[in-house]
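Each chain, letter by letter, is given below.
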Amino acid sequence: MASLKKEIMISVSSTETRIALLEDENLVELYFESPEEERMVGDIYKGRVENVVEAVKAAFVNIGLKQNGFLSFSDLGEKVIEYSALAETLESERKSNRKYGHRQEGIYLKPGQEILVQVIKEPMGTKGARLTTAISLPGRFLVLVPNSETIGISRKIENRQERFRLRKLAEALCPPGFGLIIRTVASGKDMETLKNDLDNLLETWRTIEHRAQTEKAPKLIHKEMGLTASVIRDLFSPDIDRLVVDSKRLYGEIKEYLAEVAPGLLSRVELYRDDIPLFDRYKIEEQIERSLSRKIWLKRGGYICFDQVEAMTVIDVNSGRSVGHRDHELNAYETDLEAAREIARQLRLRDIGGIIVIDFIDLKTEKYKRRLVAELKKAFSKDRAVCDVLPMNAFGLVALTRERVRPSLFIRYSEPCPRCDGLGRVPSKSLLMTRLENRLRQLKSETGERRFVLHVHPHFAMYLKKGIPSRIQHLMAKYFVLIKIHADATRKEDEFELKTYREEKKKWNSIFQKIGSVFTKNKVMESDSYQ
């Protein structure tokens with residue numbers, strides 16, 4: 001089977017930097033960074049414990065942000081596997097004499113305590129950043145883990161002899177009181193290369209220790225490198241065919257960095273000079289727009305619908321126009337297979353995490369159900385985020401969880417609708433009529449008035465005036481009242497305000513009095529200036 005063609009495209013504009021990872025020209029991962037939204041994952045803070053909640057087995061830590069960070073007891077102590085959400089899935093080989101289980105009971109945490117924590121998940125909505133006390137410092141070839149005795153080798157290094165060689169090098173290099181994780185790109189590297197990387201990481205840790213001792217909490221102690229630099233460090237490996245960037249400045253910085261750490265990759269870096277925007281040339285912009293839509297069409301004619309809410313993401317697979325075989329079961333199976341591959345790609349691209357439920361087209365054959373789940377797991381094997389797929393249940397639903405590190409693409413690239421507040425639907429005109437009639441009856445009963453002023457959006461005003469007799473005329477005749485409609489484009493379409501004529505007149509008289517007093521005051525000042 002031919003290997004995938006992998007490419008990294010970097011587009012720099014005045015407002016943001018966007019990084020796209022392509023596999024056979026299909027967009028599979030998208031990162032972006034702007035001055036307003038800096039990446040937080042990997043940042044190290046000196047925080048202050050605000051409170052410890054035994055009921056949820058967690059502590060809330062003030063790190064100087066709007067919301068306190070969330071520190072679960074399970075994230076106390078040595079937690080090297082957390083790094084897998086940032087870079088690679090790693091195999092940790094802990095030494096048996098290490099005992100730290102009692103630290104996960106929260107015994108060492110108390111309000112007012114100042115501790116060093118690292119961000120492993122960015123804040124999302126009303127939730128603060130998720131934190132860990134297991135600090136890890138990623139380098140090009142190694143990951144340094146302070147206060148640990150872990151030796152880890154990347155699972156992507158499959159050669160047994162190379163794994164054994166790297167493990168021996170790691171054991172020889174690893175200083176006391178530290179753990180080391182060997183990254184995939186370290187394969188084939190000699191002792192000197194790894195030692196240089198380790199020396200840089202140790203120097204960074206010494207700086208962090210010094211700042212942690214001198215700074216007062218809450219305080220940012222160490223800022224993880226920018227998104228572009230971290231992507232070059234973590235993703236640009238020998239399996240990437242080329243890297244294309246449209247900024248001369250960034251092109252020079254990347255070449256300078258690679259000349260030191262990976263000179264063999266220099267020839268794969270290209271500067272894009274065409275007038276056509278980079279993301280348009282390779283149809284990346286088109287794929288981004290597609291990934292933001294709710295409905296995704298499949299090649300066979302079926303389609304997938306994504307509905308994302310705070311608690312979970314629900315995905316519905318539909319046959320649509322898909323008619324490949326006369327056998328309905330086989331046709332549904334093949335459509336489900338295509339959907340499974342596309343769902344895995346879309347979840348990776350959209351960076352959707354948390355609980356995900358997929359409603360595939362119903363299948364009766366058990367063999368097809370097992371193959372479908374196996375295909376879904378295979379498709380997720382390319383994902384760097386940790387995914388756990390459960391078997392299909394009796395209702396034909398497949399539930400899975402995906403590691404959530406940062407807000408999804410949809411959340412980052414969109415805002416709640418000001419009209420419907422993110423619900424996706426607004427009250428119907430008939431419901432608004434019912435509300436208006438109820439309000440009219442209530443106000444008439446309370447005040448005894450028969451003349452009213454109605455403030456509404458122009459669209460609702462047209463709805464009320466349409467027809468002979470119109471809806472508003474019918475309402476006035478029914479309750480024997482007079483209603484004057486005032487169209488106000490600044491109102492929401494599902495809003496209205498009904499006032500008595502007396503109340504409305506009083507409001508405008510007050511406004512005119514204020515205007516008159518200001519006008520009189522200005523006249524007096526002008527006459528004084530001439531005297």
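Given the structure is predicted, the values throughout are model-derived calculations rather than measurements.

A. View of the sheet that holds strand S23 (residues 451-456). Strands sit in the order S24-S23-S25 across an open sheet of three strands; the sheet is mixed. The open sheet terminates on both sides in strands that have one partner only, identified here as strand S24 (482-487) and strand S25 (496-500). The sheet shows a mean angle of 20 degrees between the axes of neighbouring strands, direction not considered. Sheet analysis places S23 next to S24, joined by six bridges and oriented parallel. In the sheet register, His455 faces S24, and the bridge partner there is His486.

B. Structural view of the side chain of Thr500. Topologically, Thr500 is positioned in strand S25. For Thr500, a relative accessible area of 5% corresponds to the buried category. In this structure the side chain of Thr500 is engaged in a polar contact, spanning 3.1 Å, whose partner is the backbone nitrogen of Glu503.

C. Structural context of the pattern of salt bridges. In total, this model carries 36 salt bridges according to the counting rule given. Across the pair Glu23 and Arg348 runs a salt bridge, and its minimum N-O distance is 3.2 Å. Placement of the pair is Glu23 in strand S2 (residues 17-23) and Arg348 in helix H7 (residues 328-350), with a sequence separation of 325 residues. Judged on exposure class, the residue Glu23 and its partner Arg348 are both buried. Note that Glu334 is salt-bridged to Arg300, the shortest N-O span being 3.1 Å. Of the two residues, Glu334 sits in helix H7 while Arg300 sits in the loop between strand S17 (295-297) and strand S18 (303-308), which places them 34 residues apart along the sequence. By relative accessible area, Glu334 is classed as partly exposed at 25%. Within the structure, one salt-bridge network assembled from shared partners comprises Lys5, Glu7, Arg242 and Glu270.

D. Summary view of the packing of aromatic side chains. This structure, assessed with the given rule, holds four aromatic pairs. Ring centres of Phe60 and Phe70 lie 5.6 Å apart, and the angle between their planes is 70 degrees; on these two criteria the pair is classed as edge-to-face. Taken as a pair, Phe60 in strand S5 (residues 58-62) and Phe70 in strand S6 (residues 69-72) lie far apart in primary sequence, ten residues in all. With a centroid separation of 4.2 Å and an interplanar angle of 10 degrees, the aromatic rings of Tyr333 and Tyr368 are classed as stacked. Here Tyr333 is found in helix H7, whereas its partner Tyr368 is found in helix H8 (residues 366-380), with 35 residues between them in sequence. Positioned above the aromatic ring of Phe306 is the side chain of Arg350, whose terminal nitrogen or guanidinium carbon lies 4.1 Å from the ring centre. For Arg471, the ring lying beneath its charged end belongs to Tyr463, and the centroid distance is 3.9 Å.

E. Focus on the pairing of strand S15 (residues 242-245). Burial along S15 is two-sided: Arg242 and Val244 facing one way and Leu243 and Val245 facing the other are all buried. Summarising the sheet, S15 and strand S16 (residues 269-271) pair through three bridges and their orientation is parallel. When the bridges of S16 are listed, Leu243 appears paired with Val269. Following the backbone out of S15, through helix H4 (residues 248-261) and into the adjacent parallel S16, one traces a crossover that is right-handed.

F. Structural context of helix H10 (residues 429-447). A rise of 1.5 Å per residue sets the reference length of H10, with its 19 residues, at 27 Å; its end C-alpha atoms lie 27 Å apart and thus fit the reference within 8%. Of all the positions in H10, only Leu432, Met433, Leu436, Glu437, Leu440 and Leu443 are classed as buried. For H10, the arc enclosing every buried residue in end-on projection is 140 degrees, short of the 170-degree limit, so these residues lie on one face. Structural note: H10 exposes Ser445 and Glu446 on the side pointing more than 90 degrees away from its buried face. Residues of H10 that are buried sit in contact with S23, helix H11 (458-465), helix H12 (471-479), S24 and S25.

G. Representation of the packing of H10 against H12. Look at H10 against H12: their axes get within 12 Å of each other, and the N-to-C directions meet at 30 degrees. Of the possible angle classes, the one that applies to H10 and H12 is roughly parallel. For the element pair H10 and H12, the recorded crossing hand is right-handed. Together, Met433, Leu436, Glu437, Leu440, Arg441 and Lys444 of H10 and Arg471, Leu475, Lys478 and Tyr479 of H12 make up the contact between the two elements.

So, how was this worked out
Residues numbered from 1 in each chain as written. Predicted model: local features only at pLDDT ≥ 70, side-chain atom pairs only at ≥ 80, totals over all residues. Heavy atoms only, no water. Pairing = 2+ DSSP bridges. Helix = DSSP H or I, 4+ residues; strand = E, 2+ residues; numbered from the N terminus. Axes fitted to C-alpha atoms, helices over the stretch in contact; angles between N-to-C directions. Buried < 20%, exposed > 50% of the residue type's maximum accessible area, 1.4 Å probe, protein only. Polar contact = N/O pair within 3.5 Å; in protein donor to acceptor, adjacent residues only side chain to side chain. Salt bridge = Lys/Arg side-chain N within 4 Å of Asp/Glu carboxyl O. Phe/Tyr/Trp six-rings, centres within 6.5 Å; stacked < 30°, edge-to-face > 60°. Lys NZ or Arg CZ within 6 Å of the ring centre and 35° of its normal. Right-handed = clockwise from strand over helix to strand, strands pointing away. Expected span 1.5 Å × (residues − 1). Arc of directions from axis to C-beta. Contact = heavy atoms within 4.5 Å. Parallel < 35°, antiparallel > 145°, perpendicular 65-115°, else oblique. Left-handed = near helix turned anticlockwise from the far one by under 90°.

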